[in-house]
Amino acid sequence: MTEHHNRDLQAAALIAAAAPSTTEQLLNPSDTSTGRPKVVTLCGSTRFWRELAEANFRETIAGHAVLAPGCDMKKAHPLWEEPAAAEELKTALDALHRWKIRACDEVLVVNVGGYIGDSTRAEVTYAHLIGRPVRYTEPVGHAVILDRPGLDPVRIGPYEHESRAEEIAAGLRRQLHHTSHVEGTVITVGTFRPDLDHLDPQVPRDPYALADAMDNDPAGDGTGRNFPDLYARLCAQEPPEYASDLWRRACSAYDHLHADPTDA
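Here the residue index of a chain counts from 1 through its sequence in written order. The predicted nature of this model means local features are confined to residues of pLDDT at least 70 and side-chain atom pairs, given and counted, to a pLDDT of 80 or more, with totals for whole chains, interfaces and linings taken over all residues. Remark: hydrogens and water are excluded; side-chain values derive from all non-hydrogen atoms of the structure.

Some remarks on the environment of Arg58
Under the convention used in this document: Strands are runs of DSSP state E lasting at least 2 residues, helices are runs of H or I lasting at least 4, and numbering of each runs from the N terminus. Only protein chains enter the area calculation, which uses a 1.4 Å probe; residues under 20% of their type maximum are buried, those over 50% are exposed, and those in between are partly exposed. In protein, a polar contact means a hydrogen-donor-capable atom and an acceptor-capable atom, both N or O and within 3.5 Å, with residues adjacent in sequence counting only if both atoms are side-chain atoms; elsewhere, any N or O pair within 3.5 Å suffices.
Summarising the element assignment, Arg58 is placed in helix H3 (residues 49-61). Of the residues examined, Arg58 reaches a relative accessible area of 55% and is grouped as exposed. Here the side chain of Arg58 touches Glu54 through a polar contact of 2.8 Å, side chain to side chain.

A few points about the layout of surface pockets
Which entries qualify depends on this criterion: Of the two site types, the cavity is a set of points on a 1 Å grid over the protein atoms alone where a 1.4 Å probe fits but cannot get out, and the pocket is an open set with protein on both sides within 12 Å along at least five of seven lines, each lined by residues with an atom within 4 Å of a point. Grid points are joined across faces, edges and corners, and a volume is the space filled by probe spheres set on the points. Each residue is assigned to one of three groups, with Ala, Val, Leu, Ile, Met, Phe, Trp, Tyr, Cys and Pro labelled nonpolar, Asp, Glu, Lys and Arg labelled charged, and all others, Gly among them, labelled polar.
Space inside the largest pocket adds up to approximately 520 Å³. As for the largest pocket, its lining consists of 21 residues, of which Thr46, Cys71, Asp94, Ser119 and Glu123 are closest to the centre. Those elements that place two or more of their residues in the lining of the largest pocket are helix H4 (83-103) and helix H5 (118-129). Tallied by class, the residues present in the lining of the largest pocket amount to seven nonpolar, eight polar and six charged. If you add up the space inside the second largest pocket, you get close to 220 Å³. Along the walls of the second largest pocket sit 16 residues, with Leu199, Asn216, Asp217, Leu230 and Arg233 positioned nearest its centre. For the lining of the second largest pocket, the secondary structure elements donating two or more residues are helix H7 (207-216) and helix H8 (230-237). Classifying every residue of the lining of the second largest pocket by side-chain character gives nine nonpolar, three polar and four charged.

Considerations on the nonpolar core
Here is the rule: Residue types Ala, Val, Leu, Ile, Met, Phe, Trp, Tyr and Cys, when buried and joined through side-chain atoms within 4.5 Å, form a set referred to as a nonpolar core. The contact rule is simple, with two residues in contact once any of their heavy atoms fall within 4.5 Å.
Grouped together as the largest cluster of nonpolar side chains are 16 residues, with contacts concentrated most on Ile101, Val107, Val109, Val134 and Tyr136. When contributions to this core are tallied by element, the ones reaching two or more residues are strand S1 (39-43), H4, strand S3 (106-109), H5 and strand S4 (134-136). When sequence neighbours within four positions are dropped, the list of residues in contact with Val107 reads Thr41, Cys43, Ile101, Ala127, Arg132, Pro133, Val134 and Arg135. Tyr159, Leu176, Ile187 and Ala236 belong to the second largest nonpolar core, which has 14 residues in total.

Printed below as a string of structure tokens:
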């Protein structure tokens, strides 16, 4: 009995010596000690409470330590029935969830049906800002990304299929030889980021719809700072002959829409 007791004490001492002394150490993403599980923080609308629970279950079964939302404020409860109390609690819970994101190795977004609300979008932005990888329970698609030295990146998407995004990227690379652009522009295909602004992936094919889009497209100044403009995107999307003819008809439609009635 004494031998077993001493062995248990020795084992406990070894575990205590190897274990982090604080919660911060335990959850520190930079800690790569053997045996430390990956820490995953779940993000998503609490309207998907059941799906959040399912994601928690699956991540736990995979051997991950899961940090998840703990309150569903969409359901009535005495703790937040007063508006002032509800607002105060929401602020506190938002701050708590930011801590969970800081403490994790990876963020998993539960985006049922592709839905990502404003709060979740802000959390994803924060995760990217502090360098936490983000993945999603449902596909978010692909984007064409233009990195331009000295300027903000331009992102186009989402494209459901990576092959289509690759086609558009290849078309835009061809346009680099025919349009003004910032020297050093690099065009790649990456993951669609729901928390970032993207250009519409589909340029209108109807001449009048295309003419209307011209009103919202920044005018080129010859420097290529607005590359890919509407014409470059159209040429990347359509066969060359069709793109040229469609652009010509759209320009005629644009002139017609902007004609001065007094000139008639």
